[in-house]
Amino acid sequence: MSTPWGYRPLNAREAPTWQLHPQTHAVRAGLARSGFGETSEALYLNSGFTYSTAEEAFDSFADETDHFLYSRFHNPTIAMFEQRLAAIEGADYCVATGSGMSAMFSSLACLVEQGDHVVASASMFSSCHVVITEFLPKWGVTFELVKGNDPSVWARALSKPTKAVFIETPSNPLMDIVDIAMVSDLAHKVGATVIVDNVMASPVLQKPLQLGADVVMYSATKHIDGQGRVLAGAILGSSSYIHEKLIPFTRHSGPSLSPFNAWVLVKSLETMHLRVERMVANAQLIAEYLEARSEIKAVRFPGLKSHPDYELAMKQMSGGGTTIGIEFIGDQSAVFTFMNRLRIIDISNNLGDSKSLITHPATSTHRRLTPEVQAEMGITPSVLRLSVGLEHSSDLIKDLDQALN
Ligand SMILES: *Cc1c(COP(=O)(O)O)cnc(C)c1O
């Protein structure tokens, strides 16, 4: 059989000798061109791989470094996404997963065993709350949730042996901030691995590994795709965490990402910085507009001076975020009337999308939590979560204005 028309190995180019900016990594890192020399990343939509000889198969399974085996383990398109995100994050390695929740679950489940203890921040996405407070205890793992940012409270929680610390900052939906450096220092004194759910900040606004955390996880469904198309997740960390803890767990439990979705994401990363920077600018203007409205009791946005952890947020993030928590003076029916009047902003429980989306957490994203736990997190029937997109800010403000009036 002859090789296809025009197929020839590419000459390797010399790598740049200088340190590249994350925006350049977002466009270039991980790119592995085939012999066709295609400009854009190729989609290897396949489950398996072939070997020239039985011996090559034998060698590939014995030493898995330089031959793809099966797409549950790895795949060329998924590897391009993983390498690109790792370069942006400044992490040694990345493992992509089929959803943010499979990333969250795997990042913890690969570490803990019966009798272990986990400490977590109290305000978090409801499915993460379910994993820590309901699933892990079924397998004999105890937990403690810590509210706020008082170092003495964290120090007390971290005074006993702890296997892992899980923090979500900013939190979904009320944008609570946790001090990543302070918690990481305390956690490391008791030998705990610190995992940060960095979904709300995105890789653009916050670099938890540089602040002292050990592991970062994403729902790539949010800002990384950012265009409402695919579910995906990612876990990033050191070589020892990824190769000794995570991969031995994920390769057999199978939370794998589809190569098609990885291909969508590898292209999404190219525009992620542009998109997130514009979303942050829009969100800042909208948060300031909302704060001046008399119908609104409180606006929770880390880019506003009124945020209780404004200074900390500005220290560990390079922008206020893309999502705003809004507490109305009115009750649930007044809040629903406001949502129903919107003409541009969609009612939807996703976030980090190019389309602005609004949701009522108490009856949607955080419905699964008991009213007591919701109240602990500040999620009342008067609270809305607005994810600010890429529409022009003046149209979004006009939409909010006509719905409020
Ligand atoms: C959406 C979300 C997740 C879960 O991600 P999926 O891709 O929906 O599985 C986890 N953490 C936070 C903070 C989220 O917003």
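Quick notes on the rules
- Position labels on residues start from 1 in each chain and follow its written sequence.
- The model is predicted, so local features are restricted to residues of pLDDT at least 70 and side-chain atom pairs to those at 80 or more, both for listing and for counting; the totals for chains, interfaces and linings are taken over all residues.
- Side-chain figures throughout are based on the complete set of non-hydrogen atoms in the structure, without hydrogens or water.
- Paired strands, in this sense, are two strands between which DSSP finds at least two bridges.
- In DSSP terms, a helix is any run of H or I states spanning at least four residues, a strand is any run of E spanning at least two, and both are numbered starting from the N terminus.
- Contacts are assigned to residue pairs with any non-hydrogen atoms lying within 4.5 Å of each other.
- In this analysis, axes come from line fits to C-alpha atoms, helices being fitted only over the stretch in contact, and the angle between any two N-to-C directions falls in the range 0 to 180 degrees.
- Left-handed describes a crossing whose near helix is turned anticlockwise from the far helix by less than a right angle; the clockwise case is right-handed.
- Residues are grouped as follows: Ala, Val, Leu, Ile, Met, Phe, Trp, Tyr, Cys and Pro are nonpolar; Asp, Glu, Lys and Arg are charged; every other residue, Gly included, is polar.
- Expected span of a helix: the number of residues minus one, times 1.5 Å.
- In this analysis the local bend is the angle between axes fitted, respectively, to the seven residues ending at and the seven residues starting at the residue.
- In this scheme, a residue with accessible area under 20% of its type's maximum is buried, one over 50% is exposed, and one in between is partly exposed, where area comes from a 1.4 Å probe on protein chains only.
- Both site types are read off a 1 Å grid over the protein atoms alone. A 1.4 Å probe that fits but cannot get out defines a cavity, while an open set with protein on both sides within 12 Å along at least five of seven lines defines a pocket; lining residues have an atom within 4 Å of a point.
- Grid points are joined across faces, edges and corners, and a volume is the space filled by probe spheres set on the points.

How would you explain the sheet that holds strand E8 (residues 296-300) if you had to name every residue and give the values?
Taking strand neighbours across the sheet as the criterion, the five strands line up as E8-E9-E12-E11-E10 in an open arrangement whose pairing is mixed. Taken across any chain shown, the strands that pair with only one partner, and hence form the sheet edges, are E8 and strand E10 (346-347). Strands in contact with helix H10 (residues 259-291) are E8, strand E9 (323-328) and strand E12 (383-387); relative to E9, the strand with the most contacts, it is inclined by about 10°.

Could you give an account of the packing of helix H4 (residues 100-109) against helix H5 (residues 126-138), with specific residues and numbers?
Two elements in contact, H4 and H5, have axes separated by 10 Å at closest approach and are oriented at 35°. Here the hand of the crossing between H4 and H5 comes out right-handed. Mapping the contact onto sequence places Met-101, Met-104, Phe-105 and Leu-108 in H4 and Ser-127, Cys-128, Val-131, Ile-132 and Leu-136 in H5. Along the lines of polarity and charge, the residues of the contact of H4 with H5 split into eight nonpolar, one polar and no charged.

Please set out H5 residue by residue, giving values where relevant.
The first and last C-alpha atoms of H5 sit 18 Å apart over 13 residues, in line with the 18 Å expected at 1.5 Å per residue. Along H5, the largest kink reaches about 25° and is centred on Ile-132. Those residues of H5 lying buried are Ser-126, Cys-128, His-129, Val-130, Val-131, Ile-132, Thr-133 and Leu-136. Among the structural elements, H4, strand E2 (117-121), strand E3 (142-146), strand E4 (164-168), strand E5 (193-197) and helix H13 (371-376) are those in contact with the buried residues of H5.

With reference to specific residues and values, describe the layout of surface pockets.
Here the largest pocket defines a volume of roughly 850 Å³. Along the wall of the largest pocket there are 33 residues; nearest its centre are Phe-68, Phe-73, His-74, Ala-79 and Glu-82. Among the secondary structure elements, those contributing two or more residues to the lining of the largest pocket are helix H3 (76-89), strand E1 (93-97) and helix H9 (239-253). Class assignment of the residues belonging to the lining of the largest pocket gives a composition of 15 nonpolar, eleven polar and seven charged. Considered as a void within the structure, the second largest pocket measures approximately 530 Å³ in volume.

Summarise unusual backbone geometry; cite the residues concerned and give the values.
Of note, the bond from Thr-169 into Pro-170 is cis; its omega dihedral lies within 30 degrees of zero at -10°. By the secondary structure assignment, Pro-170 is in the loop between E4 and helix H7 (180-189). Residue Pro-173 follows Asn-172 across a cis peptide bond; omega there is 10°. Secondary-structure assignment places Pro-173 in the loop between E4 and H7. A positive phi angle is found at Met-175, which is not glycine, with a value near 60°. We classify Met-175 as buried; its relative accessible area is 0%.

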